[in-house]
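Chain by chain, the residues:
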Amino acid sequence: MLEEFIRHKTEMLGTIENIELLIKDDMGAVDNRLLMVKEQLIANCFNLVILGQFKRGKATLINSLIGKKILPSSVVPPTSVVTILKYGEEVSCSVSIEGGNEKKIRIEELSDYVTEK
Ligand SMILES: Nc1nc2c(ncn2[C@@H]2O[C@H](COP(=O)(O)OP(=O)(O)OP(=O)(O)O)[C@@H](O)[C@H]2O)c(=O)[nH]1
Ligand SMILES: [Mg+2]
């Protein structure tokens, strides 16, 4: 699987570099999203989006993959907010509040923010 990822990554980087070569005199024409993809590929950084119908076990699957019960999983209430997990040295949690502010919360409080409750 890792070999396949490296193969796809190398292929995509090659394609992006070919596009850059083709339009090297007019770099302004390169879509910013393309450059972002290139940076993410080089940094080995990508988003894996998990979505599906209500109550199909998404949180249970993710908790199982990361080996820690972080995301709330239960019969009710349903999750109603996009939740992003990323690697950190220690477990911490913050919520984005309307208006752009961030607020640190305890992991036990997560279900108060991401579910219909
Ligand atoms: N029988 C069975 N129950 C499961 C399985 N996976 C999860 N559940 C249960 O199904 C319920 C919903 O699981 P969640 O992981 O919260 O599902 P979800 O897709 O994240 O739910 P929402 O984000 O609220 O839509 C919980 O009570 C889980 O314990 C499974 O493989 N089999
Ligand atoms: Mg959920």
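Remember, it's a predicted structure, so these values are computed and weren't measured experimentally.

This part is about the overall build of the protein chain. Along the protein chain, the regular secondary structure elements total four helices and two strands. Whereas a compact globule of 117 residues would reach a radius of gyration of roughly 13 Å, the protein chain reaches 19 Å, over 25% beyond that. Each principal axis of the C-alpha atoms in the protein chain carries an extent, and together these give about 55 × 40 × 30 Å. Out of the 117 residues in the protein chain, the part that is buried amounts to 16%. Counting contacts in the protein chain only where the partners sit at least 6 residues apart, residues at least 24 apart contribute 39% of the total. Per element, the accessible surface of the protein chain, about 10,000 Å² overall, is 57% carbon and sulfur. Looking at charge distribution, the protein chain has the averaged site of its 15 positive side-chain charges lying 8 Å from that of its 17 negative ones.

Quick look at the site of ligand 1 now. Around ligand 1 lies a shell formed by Phe 54, Lys 55, Arg 56, Gly 57, Lys 58, Ala 59, Thr 60, Ser 73, Ser 74, Val 75, Pro 78 and Thr 79. Gly 57 places a polar main-chain atom, nitrogen or oxygen, 3.1 Å from an oxygen atom of ligand 1. With respect to ligand 1, the backbone of Ser 74 contributes an N or O atom lying 3.2 Å from an oxygen atom. Its free accessible area being 650 Å², ligand 1 has 60% of it covered by the protein chains. Of the residues contributing to the shell around ligand 1, the split by class is four nonpolar, five polar and three charged.

Bringing the pairing of strand E1 (residues 93-96) into the picture now. Side chains Cys 93 and Val 95 project from E1 onto a buried face, and the interleaved Ser 94 and Ser 96 project onto a face without burial. Looking at chain direction, E1 and strand E2 (residues 102-105) are connected through four bridges and run antiparallel. By the bridge assignment for E2, Ser 94 is matched with Lys 104. Joining the antiparallel neighbours E1 and E2 is a turn of five residues, in which Gly 99 adopts a positive phi near 105°.

Conventions we followed
Residues numbered from 1 in each chain as written. Chains lettered and ligands numbered in written order. Predicted model: local features only at pLDDT ≥ 70, side-chain atom pairs only at ≥ 80, totals over all residues. Heavy atoms only, no water. Helix = DSSP H or I, 4+ residues; strand = E, 2+ residues; numbered from the N terminus. Rg over C-alpha atoms; globule rule 2.2 N^0.38 Å. Buried < 20%, exposed > 50% of the residue type's maximum accessible area, 1.4 Å probe, protein only. Contact = heavy atoms within 4.5 Å. Areas by Shrake-Rupley, 256 points an atom, 1.4 Å probe, with all protein chains shown as cover. Lys, Arg positive; Asp, Glu negative; His and termini not counted. Charge placed at Lys NZ, Arg CZ, Asp CG, Glu CD. Near = heavy atom within 4 Å. Polar contact = N/O pair within 3.5 Å; in protein donor to acceptor, adjacent residues only side chain to side chain. Nonpolar A, V, L, I, M, F, W, Y, C, P; charged D, E, K, R; others polar. Pairing = 2+ DSSP bridges.

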